[in-house]
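# Analysis of the macromolecular model
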Amino acid sequence: GQTMNQAILEAQDQPVQRAKRSATRHFLKKVVGFNEAGLVFAILVFAVLISLQNSAFLNQQNLINVARVAAFTFIIGSGLTICLVGGGLDLSVGSSYGAAGILGALALVNDYPVVIAILIGLGAGIVVGIVNGIIVTYFRIPPLIVTLGMMYVARGVVMVVSQGDPIYRFPAAFNEIGRGDILGVPNPIIIALIYGFLCHFLLDYTQYGYSVRAIGGNEQAARVSGINVKRVKFWLYVISGFSAGFAGLLMTSRLGSSHPNSGVGLEMQAMSAVIIGGTSMFGGTGTIRGTLLGALLINMITNGIVLMGVNLHWQNIVVGSVIVAAVGIDQLRRKRLWRS
């Protein structure tokens, strides 16, 4: 009788156990399938490894410095993420960054009001984006060629208007934007998080964001479904140019000066953060939160290399290797989705 009762209880318990196992598998599958899970793991591993070599890494001030530097990469990367998700490409963000900083700085030293100077700087980034957007969408020239050419054109304009000299001595009200803080949190971090949230909302919760993903996934199908492909793609470059210009102005405010070479090579750093963050180079896939994590990881690597006393040239080797690995993982993921 006891054996029979035990068997009945076990039989009754089996569906419960199966449900628990199913729930556990579902949870693990969600965690493993979470695009940014690998990034979070990588950040934690790097943090542990660096702190073992130099405990100063976990110092509150150092962590704030890492986040503050990452904020500028994240602002540029947010616009670049939207551009790449829509099947675009913008290599001119570093020059847009520099142009916004220099033109805003010139306006300030020529006694323009701070608000007007900021609008002039933002306008520089927007103009670069407009030119890119028009040529790419209406003249059908590949974005690689267009934005690469614009990278040199915008940089040349910066050198001409600045005559190759740095510009400094700005009003205190302008400098306070990039140097101030709220409850100990630097303004650039707060501004970057707000801007990132707005880009996240645009990409994931608006009709425009839906159109961007549709075009990046299959441009021909998006066109057939009634999406105005040219208009959507045009705005991709305007958003990217605006983001870079915004970051350039913010950095000018933080430093209290602007240099003609500001932003040189920054397009590769921003692109690295975006790709490492899981945005596909082939369009259709990507998240702003992934770019945030990618920006943190990139700047953690840079900061950690300095703290560990490693030759700075290793930085490019490590970052380059991480980019190749990220693109490789993206390729494998795309093949798996294609087969399924």
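Residues numbered from 1 in each chain as written. Predicted model: local features only at pLDDT ≥ 70, side-chain atom pairs only at ≥ 80, totals over all residues. Heavy atoms only, no water.

### Considerations on the overall build of the chain
The helix and strand tally for the chain stands at 14 helices and four strands. In the chain, buried positions account for 43% of the 340 residues. Split by element, the accessible area of the chain, about 17,800 Å² in all, is 66% carbon and sulfur. (Helix = DSSP H or I, 4+ residues; strand = E, 2+ residues; numbered from the N terminus. Buried < 20%, exposed > 50% of the residue type's maximum accessible area, 1.4 Å probe, protein only. Areas by Shrake-Rupley, 256 points an atom, 1.4 Å probe, with all protein chains shown as cover.)

### Some words on helix H7 (residues 172-179)
Taken residue by residue, H7 has Phe174, Asn175 and Gly178 as its buried positions. All buried residues of H7 fall inside an arc of 95 degrees around its axis, so they share one side. Opposite the buried face of H7, at more than 90 degrees from it, the exposed residues are Ala172 and Ala173. Those residues of H7 that are buried are in contact with helix H4 (93-109), helix H5 (114-138), helix H8 (187-205) and helix H11 (229-255). (Arc of directions from axis to C-beta. Contact = heavy atoms within 4.5 Å.)

### Observations regarding the pattern of salt bridges
Scanning all chains against the criterion turns up three salt bridges. Between Asp204 and Arg213 there is a salt bridge; the shortest N-O distance is 2.7 Å. Among the residues examined, Asp204 registers a relative accessible area of 30% and is labelled partly exposed. Taking the shortest distance from any N to any O, the salt bridge between Arg223 and Glu219 comes out at 3.0 Å. Of this pair, Arg223 and Glu219 both sit in helix H10 (residues 219-224), four residues apart, roughly one helical turn. You can call Arg223 partly exposed: its relative accessible area is 35%. A network of salt bridges, in which partner residues are shared, links Glu219, Arg223 and Lys233. (Salt bridge = Lys/Arg side-chain N within 4 Å of Asp/Glu carboxyl O.)

### Some words on a nonpolar patch on the surface
Side chains of Ile130, Ile134, Tyr138, Phe139, Ile141, Leu144 and Ile145 sit close together on the surface and give an oily, nonpolar patch of about 650 Å² of accessible area. Elements represented by at least two residues in the nonpolar patch include exactly H5 and helix H6 (143-162). Considering each element in turn, the nonpolar patch owes the most residues, three residues, to H5. Within the secondary structure layout, Phe139 lies in the loop between H5 and H6. Note on Phe139: relative accessible area 57%, which makes it exposed. (Patch = residues over 30% accessible without salt bridge, like charges linked within 9 Å, V, L, I, M, F, W, Y side chains within 5 Å.)

### Examining the layout of surface pockets
For the second largest pocket, the calculated volume is near 480 Å³. Taken together, 22 residues make up the lining of the second largest pocket; nearest its centre are Val69, Gln269, Asn299, Thr302 and Gln315. Those elements giving two or more residues to the lining of the second largest pocket turn out to be helix H3 (60-85), helix H12 (266-276), helix H13 (288-307) and helix H14 (313-339). Among the elements that line the lining of the second largest pocket, the one with the most residues is H3, at five residues. (1 Å grid on protein atoms, 1.4 Å probe; cavity = no way out; pocket = protein on both sides within 12 Å on 5 of 7 lines; lining within 4 Å. Points joined across faces, edges and corners; volume = space filled by probe spheres on them.)

### Concerning the packing of H5 against H6
At their nearest, the axes of H5 and H6 sit 10 Å apart, and the two run at 150 degrees to each other. One way to sum up the angle between H5 and H6 is to call them roughly antiparallel. For the element pair H5 and H6, the recorded crossing hand is right-handed. Counted together, Val128, Val131, Asn132, Ile135 and Val136 of H5 and Pro143, Val146, Thr147, Met150 and Ala154 of H6 form the full contact between these two elements. (Axes fitted to C-alpha atoms, helices over the stretch in contact; angles between N-to-C directions. Parallel < 35°, antiparallel > 145°, perpendicular 65-115°, else oblique. Left-handed = near helix turned anticlockwise from the far one by under 90°.)

### Let's talk about the packing of aromatic side chains
Across all of its chains, the model carries six aromatic pairs by this definition. Seen in terms of ring centroids, Phe242 and Phe246 are 6.1 Å apart; in terms of plane orientation they differ by 25 degrees. Their pairing is stacked. Of this pair, Phe242 and Phe246 are both found in helix H11, four residues apart, which corresponds to roughly one turn of the helix. Pairwise contacts between aromatic rings join Tyr195, Phe242 and Phe246 into one cluster. (Phe/Tyr/Trp six-rings, centres within 6.5 Å; stacked < 30°, edge-to-face > 60°.)

### Quick notes on the nonpolar core
In this structure, Ile76, Ile82, Val212, Leu236 and Met271 are the most contacted members of the largest nonpolar core, which totals 58 residues. With twelve residues, H3 is the largest single contributor of residues to this core. Excluding residues that lie within four positions of it along the chain, Ile76 makes contacts with Val93, Tyr97, Ser243, Ala244, Ala247, Leu266 and Ala270. (Core = buried A, V, L, I, M, F, W, Y, C linked by side-chain atoms within 4.5 Å.)

### Examining the side chain of Ser51
Along the chain, the position of Ser51 falls in helix H2 (residues 37-53). Residue classification places Ser51 among the buried positions, given a relative accessible area of 18%. Ser51 has contacts with Phe57 and Leu58, leaving out every residue within four places of it along the chain.

### Comments concerning the packing of H7 against H11
Packing of H7 against H11 brings their axes to within 6 Å, and their N-to-C directions diverge by 105 degrees. In terms of orientation, H7 lies roughly perpendicular with respect to H11. Residues Phe174, Asn175, Glu176, Ile177, Gly178 and Arg179 of H7 form the contact with H11, whose own contacting residues are Leu249, Leu250, Thr252, Ser253, Arg254 and Leu255. Looking at side-chain class alone, the contact of H7 with H11 contains five nonpolar, four polar and three charged residues. (Nonpolar A, V, L, I, M, F, W, Y, C, P; charged D, E, K, R; others polar.)

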